[in-house]
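So the chains spell out like this:
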Protein chains: 2
Amino acid sequence: MPNEKMRAFGAEASVIRQIFEYGNGRRAAIGAENVFDLSLGNPSIEPPESFMRSIKAHLEKDGAQALFGYTSGAGAPETRRAVAEDIKKRFSFDAAPSDIYMTCGAAASLTITLNALCDPGDEVILLAPFFPEYRVFAEKAGASVKVVNCRAGDFQPDISEIGKAVNARTRAIIVNSPNNPTGAVYAEEELKKLAALLNEKQKEYARDIFIISDEPYRELCYGKKPSFIPALYDNTVLCYSYSKSLSIPGERIGYIFVSPKVNNAKDVFAAVCGAGRSLGYVCAPALMQRVIADCVSETSDIEEYRKNRDLLYKGLLDIGYEVSPPDGAFYIFLKCLEPSAPAFCERAKKYELLIVPGDSFGGEGYARLAYCVKKETIEGALRGFKALYDEYKAEKKI
Amino acid sequence: MPNEKMRAFGAEASVIRQIFEYGNGRRAAIGAENVFDLSLGNPSIEPPESFMRSIKAHLEKDGAQALFGYTSGAGAPETRRAVAEDIKKRFSFDAAPSDIYMTCGAAASLTITLNALCDPGDEVILLAPFFPEYRVFAEKAGASVKVVNCRAGDFQPDISEIGKAVNARTRAIIVNSPNNPTGAVYAEEELKKLAALLNEKQKEYARDIFIISDEPYRELCYGKKPSFIPALYDNTVLCYSYSKSLSIPGERIGYIFVSPKVNNAKDVFAAVCGAGRSLGYVCAPALMQRVIADCVSETSDIEEYRKNRDLLYKGLLDIGYEVSPPDGAFYIFLKCLEPSAPAFCERAKKYELLIVPGDSFGGEGYARLAYCVKKETIEGALRGFKALYDEYKAEKKI
């Protein structure tokens, strides 16, 4: 028999994928235009033109060996330089190529960082609601997970609750702003309080406690900009991916930035290299590294997401739903009309409305709505939400 | 402080990289044409034309979302189908798309497989000489490593020694044929004996013992073809990469084939999916998956490697060196002219000859010569080897 934990991780039916498969069946049965699928966080907009231009230019001008050959484990020098320059320019924060480790996307950034930082028995704090894979990644890295709920209503971090959760075994806290699944952008004020708390706890326990800042949605924000966390807290390792900003999730390209202010930064960077090596990440895909060097400051045109967000958010408020303002990413976290989110989401299927129960995100009683879809899908979904609301109302459940 | 083992893995100076850096210094000082660098296993030939054609065709005809979007964790259906069909056709062996898991290259194939199969405390047998990363990958997967020497001279597996090493904790043996660093292609006769031995040991210990067949060099052979190990031993998981066959090592694309004859094959496949997931491998790079579906049966023109091999092998024999015939990959494992390989390789630098001591491969007293270089580099290297030989002879060391 294989490793039982790995088997279970592999056999575990992803709720999102189940809904997606159900949707495929419905699309085949009644036509895609009649199914309102808000289940998948899959970019629906085009990569910027510069991205396609860059690929084609490299294919024309570079030799195959230069283009498709190994880069060093941490990445091609020009790519690491471009990323470091981008951080310096945008955030006025010190960053050198030697602080940058190029990765195969956001998940790789996280697993490498967790394996680099954690010893067996360490604890990693997750702020609920959170991306469910965090638990899988942290447990595989040998850590155990401690979940702390965000404030109800606005989904901002609850500093006092985090304070209660930190202990002598805490190694890291994962911060994800803009947030999947809530769309919340964490307020700088709260993050400063978090930094003060962690600094105090580091002293108390004479131990490094890291913020792992998972930022795949950094560029997707519609009001306040997400804070640059390395500027607020020294022991920060930043995990980035270009999947969402360039709409290329299948290409698996991102980076880890070990802030030079991290305690023993050189050792932490070496551990990142060692974790990448021992997990089998030889180098990030080479062609994409070249393209990132060209497109590091580019972003897909997110105007479509903003329009979808406005349409969906206002539509839901108008119907009567309780929704906190989604400031970033492409998700809305909706309060369900009954305590059981799975029951609510199941009932929504009657209107061909496919949404994901918040339970696996640590957000019971909520549903995640992904608005990275066509405008028509939002419009159809809103008709469903209206009918659903009326149904609950008729039953005097609300 | 970060995880100490990861830090050490990251800080560990790779001998090969050190030599490469030294070479960079020499190239800058005296010109690349005067440095005879046989240290790196980096493909020196072009990808097949069909590969470039396939990339360009997809960029022209596919929409960006279809091309750069997520595939399922195990891979795009058409890619898994193409790989399974290729196995069926070439090896007359049963293979279905559901047996294929697409990976980010050979290292990912191995780490995912090792993490899927091993429980903490399990042992993995390595046949020395072996690719040094095997140890890193196996240890990170929680296993410990047991090294068994191949037969001196021809570097074939020593079945009787393997028999002594197998015990109640053995979970797997990594078989790498064609072999890095020796170039040996393991004889089918020996592999059949190995299969018989493992079948017996499985019964004795009432426990699955897997062959992990690491085959990045499968297509690079110049005489006898490597055996298709799933046909010889049921509990085989095959790890493949297109890095060498298509000369695209930076693109990180390969696959795992869980033979349908594996005991509890569905559970093993689930564990592969779970290991991939928990190590952060969301999907193999999407564009490359499309290209592999087109180019699955293509190979770079390896004629240049064959010529290099003939030139280097015969040249070394003519001078008087002891070399076993290299049947595959692009390596020759040379018996050094003194017991210490590091001392021998250091002395070779006098002739601008850069070769890697076999010690880190578990092959003390040998040096690895990579002949994936230009013909002129081989010619210059042979002049160096001649001078080196004469020097040892003059000192009456040989």
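The structure this text deals with has already been given above.
## Describing the packing of aromatic side chains
Then, number 1: Counted under the stated rule, the structure contains 41 aromatic pairs over all chains.
Then, number 2: Between Phe 51 of chain A and Phe 68 of chain B, the ring centres sit 5.2 Å apart and the planes meet at 90°, which makes this aromatic pair edge-to-face. In this pair, Phe 51 of chain A is assigned in helix 3 (residues 49-61) and Phe 68 of chain B in helix 4 (residues 64-68), connecting two distinct chains. For the pair Phe 51 of chain A and Phe 68 of chain B, a shared accessibility class is recorded, and that class is buried.
Then, number 3: Connected via pairs of aromatic rings, a cluster forms that spans Phe 91, Phe 93, Phe 228 and Phe 257 of chain A.
Then, number 4: Here the guanidinium or amino end of Arg 347 of chain B rests over the ring plane of Tyr 392 of chain B, the centre of that ring lying 4.4 Å away.
Then, number 5: Sitting above the plane of the Tyr 22 of chain B ring, Lys 349 of chain B keeps its charged end 4.3 Å from the centroid.

## A word on the pairing of strand 6 (residues 210-214) of chain A
The two faces of a sheet get side chains in turn, since along a regular strand they alternate between them.
Residues and elements named next belong to chain A.
Then, number 1: When you tally the buried positions in strand 6, you get five out of five residues, the bulk of the element.
Then, number 2: Residues Phe 210, Ile 212 and Asp 214 of strand 6 are buried on one face, and the alternating residues Ile 211 and Ser 213, pointing to the opposite face, are buried as well.
Then, number 3: Sheet topology places strand 5 (residues 170-175) next to strand 6; four bridges connect them, and they run parallel. Bridge pairing links Ile 173 to Ile 211 in strand 6.
Then, number 4: At this point the chain moves from strand 5, through helix 9 (residues 188-205), to the parallel strand 6, and the crossover so formed is right-handed.
Then, number 5: Strand direction decides the pairing type here: strand 6 and strand 7 (residues 236-241), joined by four bridges, are parallel. Bridged to Ser 213 within strand 7 is Leu 238.

## Quick word on the relation of the copies chain B and chain A
Then, number 1: Its rotation angle being 180°, the transformation that places chain B on chain A also includes 0.0 Å of axial translation and leaves an RMSD of 0.0 Å. In symmetry terms, the pair is related by a two-fold rotation axis. In terms of C-alpha distance to the rotation axis, chain B has Leu 279 of chain B as its closest residue, with the C-alpha 3.3 Å off the axis.
Then, number 2: The overlap is high: 100% of the interface residues of chain B also sit at the interface in chain A, so the same surface is used on both sides.

Rules behind the numbers
- Residues numbered from 1 in each chain as written.
- Chains lettered and ligands numbered in written order.
- Predicted model: local features only at pLDDT ≥ 70, side-chain atom pairs only at ≥ 80, totals over all residues.
- Heavy atoms only, no water.
- Phe/Tyr/Trp six-rings, centres within 6.5 Å; stacked < 30°, edge-to-face > 60°.
- Helix = DSSP H or I, 4+ residues; strand = E, 2+ residues; numbered from the N terminus.
- Buried < 20%, exposed > 50% of the residue type's maximum accessible area, 1.4 Å probe, protein only.
- Lys NZ or Arg CZ within 6 Å of the ring centre and 35° of its normal.
- Pairing = 2+ DSSP bridges.
- Right-handed = clockwise from strand over helix to strand, strands pointing away.
- Least-squares fit on C-alpha atoms with pLDDT ≥ 70 in both.
- Contact = heavy atoms within 4.5 Å.

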